[in-house]
Amino acid sequence: AAAQGGSGDGDGRVLPPRSLTEPLLHTVEMHTGGEPLRIVPRLEAAEEAAANGLSLLALRRHMAATQDHVRRALMHEPRGHGGMYGAVVVRGGAAADGADLAVLFLHGAGYSAMCGHAVMALGRFALDYGLVAAPRCPETAVRLCCPCGPVTAFVPWDGRRSGNPVRFHSVPAFAAATDVAIDVPGHGKVVVDIGYGGTFYAFLSAEQLGLDVRSSKTRELVSAASAVTAAVKEQFKLQHPESEDLAFLYGTILTDGKDAFSEEPSTNICVFADEQVDRSPTGSGVTARIALQHHKGLIQLNQTRTFRSSTMGSLFTGKAVKATKFGGYNAVVVEVSGEAFYTGTATFTVEEEDPLKHGFCFK
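Since this is a predicted model, take the numbers as computed values, not measurements.

What counts and what doesn't
- Residues numbered from 1 in each chain as written.
- Predicted model: local features only at pLDDT ≥ 70, side-chain atom pairs only at ≥ 80, totals over all residues.
- Heavy atoms only, no water.
- Helix = DSSP H or I, 4+ residues; strand = E, 2+ residues; numbered from the N terminus.
- Rg over C-alpha atoms; globule rule 2.2 N^0.38 Å.
- Buried < 20%, exposed > 50% of the residue type's maximum accessible area, 1.4 Å probe, protein only.
- Areas by Shrake-Rupley, 256 points an atom, 1.4 Å probe, with all protein chains shown as cover.
- Lys, Arg positive; Asp, Glu negative; His and termini not counted.
- Charge placed at Lys NZ, Arg CZ, Asp CG, Glu CD.
- Pairing = 2+ DSSP bridges.
- Phe/Tyr/Trp six-rings, centres within 6.5 Å; stacked < 30°, edge-to-face > 60°.
- 1 Å grid on protein atoms, 1.4 Å probe; cavity = no way out; pocket = protein on both sides within 12 Å on 5 of 7 lines; lining within 4 Å.
- Points joined across faces, edges and corners; volume = space filled by probe spheres on them.
- Nonpolar A, V, L, I, M, F, W, Y, C, P; charged D, E, K, R; others polar.
- Salt bridge = Lys/Arg side-chain N within 4 Å of Asp/Glu carboxyl O.
- Domains from an automatic or database assignment.
- Contact = heavy atoms within 4.5 Å.
- Buried area = accessible area lost by both parts, 1.4 Å probe.

1. Some words on the overall build of the protein chain
Across its full length, the protein chain holds 7 helices and 18 strands. Relative to the globule expectation of 21 Å for 363 residues, the C-alpha radius of gyration of the protein chain, 21 Å, shows essentially globular dimensions. Taken over the C-alpha atoms alone, the protein chain extends approximately 65 × 45 × 40 Å along its principal axes. A burial count over the protein chain gives 53% of its 363 residues as buried. Accessible area of the protein chain: about 15,800 Å², with a carbon and sulfur share of 50%. Positive and negative charge centroids in the protein chain, built from 33 and 38 side chains respectively, lie 3 Å apart.

Structural data, given as structure tokens:
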């Protein structure tokens with residue numbers, strides 16, 4: 001009751017801060033498979049820019065140039081932490097073309113093009129927040145406009161509230177390159193696959209780096225994966241069929257090497273951005289990994305695979321549901337499923353005289 005009403009221990013006193021005259025940021029807190037999502041339901045600066053006709057990719061650049069203090073304040077300490085992830089919901093102009101909402105994805109180092117764990121959480125949020133005009137039982141399609149393109153989440157709906165599991169179909173996923181030899185300082189030559197699932201990832205077995213994705217220390221896995229990311233960026237030129245803004249390597253996913261179809265879960269860890277570790281099995285990573293497995297003939301359409309996070313043990317499932325084309329690539333539409341949960345709401349304030357008001361990173 002104290003947190004809701006602002007009262008103290010029953011004697012009428014108000015919890016500090018006494019007067020919230022500083023700028024306020026209201027958020028909804030969720031997680032999917034252990035990976036956090038801090039949702040900003042409304043940011044006026046983003047909606048104003050969208051109303052002026054900016055595309056979502058242009059809005060992403062605009063936010064980085066003019067509103068990056070918001071990302072830093074919410075993702076970094078003391079309000080966030082090294083593994084924090086966020087999403088800014090944008091209604092109005094940027095959510096045109098039949099979408100229920102548009103979204104910008106935030107992390108500790110910047111802005112992503114796609115995020116599967118966030119899409120699953122946002123699907124539930126959109127229904128419960130009333131952003132879908134006519135939800136249907138037992139499942140409602142929630143259409144999102146993401147920087148990578150249109151994404152649809154399918155969310156259980158009982159007429160009153162959303163539920164789990166949530167599944168989504170992302171933009172067409174494809175194998176950008178397979179069996180690429182990369183020289184990784186400190187590790188020597190390794191062979192990686194590069195897949196696209198709304199953003200690009202490098203994939204390789206942890207065994208190539210002398211590690212085990214299930215038993216090695218997370219710090220060792222993070223350092224090795226980061227070294228691979230840096231080496232791939234230096235030695236391989238990425239190309240995206242539609243936009244140069246999307247032609248960047250988001251991170252590296254180390255696997256247990258079990259790429260051939262099996263009923264048993266395959267374990268992986270995703271290290272993205274500035275050595276940030278995804279606590280979940282990584283939705284866009286599962287999308288890209290399924291596309292690679294299908295490209296190699298290791299999995300057929302509508303064969304469901306289960307993927308496990310090496311850190312949390314949480315599970316996502318994935319399957320290729322349709323073959324298609326994307327630019328010059330043979331691609332697939334992938335369905336990923338998982339569970340997203342609410343953890344609370346928050347109201348953040350920024351005091352102007354605070355020298356650390358826009359956050360800090362500590363490693």
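2. A word on the pairing of strand S7 (residues 149-156)
By the criterion of burial, S7 is predominantly enclosed, with 6 of the 8 residues buried. As consecutive antiparallel partners, strand S6 (residues 139-146) and S7 are separated by 2 residues. In this sheet, strand S8 (residues 166-169) lies alongside S7 in antiparallel orientation, the contact comprising 3 bridges. Following the sheet pairing, Thr-152 is matched in S8 by His-169.

3. Digging into the packing of aromatic side chains
Taken as a whole and judged by the stated rule, the model has 12 aromatic pairs. Ring plane angle 15° and centroid distance 4.0 Å describe the contact between Phe-174 and Tyr-329, whose orientation is recorded as stacked. Of this pair, Phe-174 sits in strand S9 (residues 173-184) while Tyr-329 sits in strand S17 (residues 329-338), placing them 155 residues apart in sequence. Taking the relative accessible area as the measure of exposure, Phe-174 reaches 1% and is therefore buried. A relative accessible area of 24% places Tyr-329 in the partly exposed class.

4. Let's talk about empty space enclosed by the protein
Using the criterion set out here, one finds 1 cavity of 30 Å³ or more in the structure. Within this model, the largest cavity holds a volume of roughly 80 Å³. Forming the walls of the largest cavity are 15 residues, and the residues nearest its centre are Cys-115, Tyr-201, Tyr-250, Asp-278 and Thr-282. Looking at the lining of the largest cavity residue by residue, the class counts come to 7 nonpolar, 6 polar and 2 charged.

5. As for the pairing of strand S13 (residues 266-272)
For a regular strand, side-chain orientation follows a simple rule: the groups alternate between the two sheet faces. Summarising burial for S13: 7 of the 7 residues are buried, a large majority. Here S13 shows a buried face lined by Ser-266, Asn-268, Cys-270 and Phe-272 and a second buried face lined by Thr-267, Ile-269 and Val-271. Note that strand S12 (residues 249-255) and S13 share 5 bridges and pair antiparallel. The residue of S13 that forms the bridge with Leu-254 is Ile-269. Judged from the 2 bridges that link them, S13 and strand S14 (residues 276-277) form a sheet pairing that is antiparallel. Its bridge partner being in S14, Phe-272 is matched across the sheet by Gln-276.

6. A short note on the environment of Gly-110
Structurally, Gly-110 is set in the loop between strand S4 (101-107) and strand S5 (111-112). Sequence spacing of Gly-110 and Met-75 is 35 residues, and the spatial spacing of their C-alpha atoms is 9.6 Å.

7. Overview of the pattern of salt bridges
Pairing of side chains with opposite charge becomes possible as their charged atoms draw close. Enumeration according to the criterion identifies 18 salt bridges in this entry. The closest approach of N and O atoms between Arg-167 and Glu-335, which form a salt bridge, is 2.8 Å. Taken together, the residues span a long stretch of sequence, with Arg-167 in strand S8 and Glu-335 in strand S17 at a distance of 168 residues. On the basis of relative accessibility, which here comes to 23%, the residue Arg-167 falls in the partly exposed class. A relative accessible area of 13% means that Glu-335 is categorised as buried. Here the residues in one salt-bridge network are Arg-42, Glu-47 and Arg-91, joined through shared partners.

8. So, the domain arrangement of the protein chain
Parsing the protein chain into structural domains produces domain 1 (25-165 + 342-348) and domain 2 (171-338). Taking only C-alpha atoms, the centre of domain 1 and the centre of domain 2 are 23 Å apart. Across the boundary between the two partners, domain 1 contributes 27 residues, which contact 26 residues of domain 2. Between domain 1 and domain 2, the buried area comes to about 1,800 Å², and carbon and sulfur atoms account for 59% of it. When the area that domain 1 buries against domain 2 is broken down by residue, the three leading residues are Glu-35, Met-120 and Cys-148, summing to 24%. For the interface between domain 1 and domain 2, the tally reads 1 salt bridge. Two residues, Asp-245 and Arg-61, come together in a salt bridge whose shortest N-O distance is 2.1 Å.

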